[in-house]
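# Descriptive structure summary
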Amino acid sequence: MKSISILLVVILLSNTSYGQEEEKIRGFFYKISAAGTLAVNEHYTIQTDDDESLIKLNGLFISNTFGLQINERVSIGLNAGMDFYESQDLRFAPLFMSTHYSYIVDDANYFIRAGIGRLLKLGKNFEDGSLYKLGTGIQFFDKNFRKSILVGLDFSRKRFGYREQEKLSSLSLFIEYRLF
């Protein structure tokens, strides 16, 4: 039911006209993404010189997206990736649908995005469950508007374990490379 609601929102947004030029970017795209969550290092001390930093990388996310740019503002995608959390010793294999909406379209687009999907159990080291994502960022284009770099923040919520009662929320910084 939630997937149908997201699809309906995407269709409604894609048919909305904002009185701008009719030149629109459409077509299939591929995107590769890397993201990381930061955490405070509990073992950090100011007095000692033990080469430990105050902030450390807690989670690393790698993702691939195959998507469709519906118009200059809206795109949808199918995402597959791997998420690793070092301190919790957790691994996830998310497979999810996402939608991306550019609320400012210019030489650099400002956007919001959302995603919903499943965490696949690929082996005994991976947790299964559900995934919800919400993010915002900015998209920088090359001179031909065929390639772009996206940077921003994502909030994700993973539910897993027995009857999905365990929860893990994280705020991550992402960088992505997108090809048309």
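In this convention, every chain numbers its residues from 1, walking through the sequence in written order. Residues qualify for local features only when their pLDDT is at least 70, as the model is predicted, and side-chain atom pairs are given and counted only at 80 or more; totals for whole chains, interfaces and linings, by contrast, use all residues. Excluded from the side-chain calculation are hydrogens and water; included are all heavy atoms of the structure.

Okay, the overall build of the chain next. Helices and strands together make up the secondary structure of the chain, namely one helix and nine strands. Buried residues are those whose accessible area, probed at 1.4 Å on protein chains only, stays under 20% of the maximum for their type, while exposed residues exceed 50% and partly exposed ones sit between those limits. Across the 180 residues that make up the chain, the buried fraction comes to 38%. A helix here means a DSSP run of H or I that spans at least four residues, while a strand means a run of E at least two residues long, and both kinds are numbered starting from the N terminus.

Residues belong to one nonpolar core when they are buried, are Ala, Val, Leu, Ile, Met, Phe, Trp, Tyr or Cys, and are joined through side-chain atoms within 4.5 Å. Tyr85, Leu90, Phe92, Phe160, Leu168 and Phe174 are the most contacted members of the largest nonpolar core, which has 13 residues in total. Contributing elements (two or more residues each) for this core: strand S4 (90-92), strand S6 (108-119), strand S8 (147-160) and strand S9 (166-179). Should any heavy atoms of two residues lie within 4.5 Å, those residues are counted as being in contact. In contact with Phe174, not counting residues within four places along its chain, are Ala34, Ala35, Phe111, Arg113, Thr136, Leu150, Val151, Gly152, Leu153 and Asp154.

Let us look at the pairing of strand S1 (residues 27-40). Whether two strands pair depends on DSSP finding at least two bridges between them. In this sheet, strand S2 (residues 55-69) lies alongside S1 in antiparallel orientation, the contact comprising 14 bridges. The residue of S2 that forms the bridge with Ala34 is Ile62. Strand direction decides the pairing type here: S1 and S9, joined by eight bridges, are antiparallel. Paired with Lys31 across the strands is Arg178, a residue of S9.

Pairing between side chains of opposite charge can happen when the charged atoms of each approach one another. Take a side-chain nitrogen of Lys or Arg and a carboxyl oxygen of Asp or Glu: if they are within 4 Å of each other, that pair is a salt bridge. With the rule as written, the count across this model stands at seven salt bridges. Salt-bridge contacts for Glu176 lead to Arg113; the nearest nitrogen and oxygen are separated by 3.0 Å. With Glu176 in strand S9 and Arg113 in strand S6, this pair connects stretches of sequence that are 63 residues apart. For Glu176, a relative accessible area of 5% translates into the label buried. Several salt bridges share partner residues, and in doing so they unite Lys31, Arg113, Lys133, Asp154 and Glu176 into one network.

In this section: the packing of aromatic side chains. Aromatic ring pairs are defined here through the distance separating the ring centres and the angle between the ring planes. Paired rings are identified among Phe, Tyr and Trp, the last through its six-membered ring, by centres lying within 6.5 Å, and are further divided according to the angle between planes into stacked (under 30 degrees), edge-to-face (over 60) and tilted (the rest). Scanning the model with the defined rule gives six aromatic pairs in all. Measuring from ring centre to ring centre gives 5.9 Å for Tyr85 and Phe92, while their planes differ by 85°; the resulting arrangement is edge-to-face. Like Phe92, Tyr85 is buried. Ring geometry for Phe141 against Phe145: centres 5.0 Å apart, planes inclined by 45°, an arrangement best described as tilted. Here Phe145 falls in the partly exposed class, since its relative accessible area comes to 32%. A network of ring pairs unites the aromatic residues Phe61, Tyr85, Phe92 and Phe160 as a single cluster. In this analysis the charged atom, NZ for Lys or CZ for Arg, is taken to sit over a ring once it is within 6 Å of the ring centre and within 35 degrees of the ring normal. Cation over ring: Arg178 sits above Phe29, and NZ or CZ is 3.8 Å from the ring centre.

As a further point, take the confidence of the model for the chain. Confidence per residue, as judged by the predictor, is encoded in pLDDT with a range of 0 to 100. Per-residue confidence for the chain gives a mean pLDDT of 85; residues scoring 70 or more make up 83%. Ranking the elements of the chain by mean pLDDT puts helix H1 (residues 2-14) last with 51 and strand S5 (residues 94-104) first with 97. Within the model, the stretch residues 14-24 combines pLDDT values under 50 with 10 contacts to residues more than four positions away or in other chains.

The next point concerns the side chain of Arg113. Under the relative-accessibility criterion, Arg113 is labelled buried at 12%. Side chain to side chain, Arg113 and Asp154 meet in a polar contact 2.6 Å long. A polar atom in the side chain of Arg113 sits 3.0 Å from the side chain of Glu176. What qualifies as a polar contact is a pair of N or O atoms within 3.5 Å, subject to a donor-acceptor requirement within protein and to the restriction that residues adjacent in sequence count only when both atoms come from side chains.

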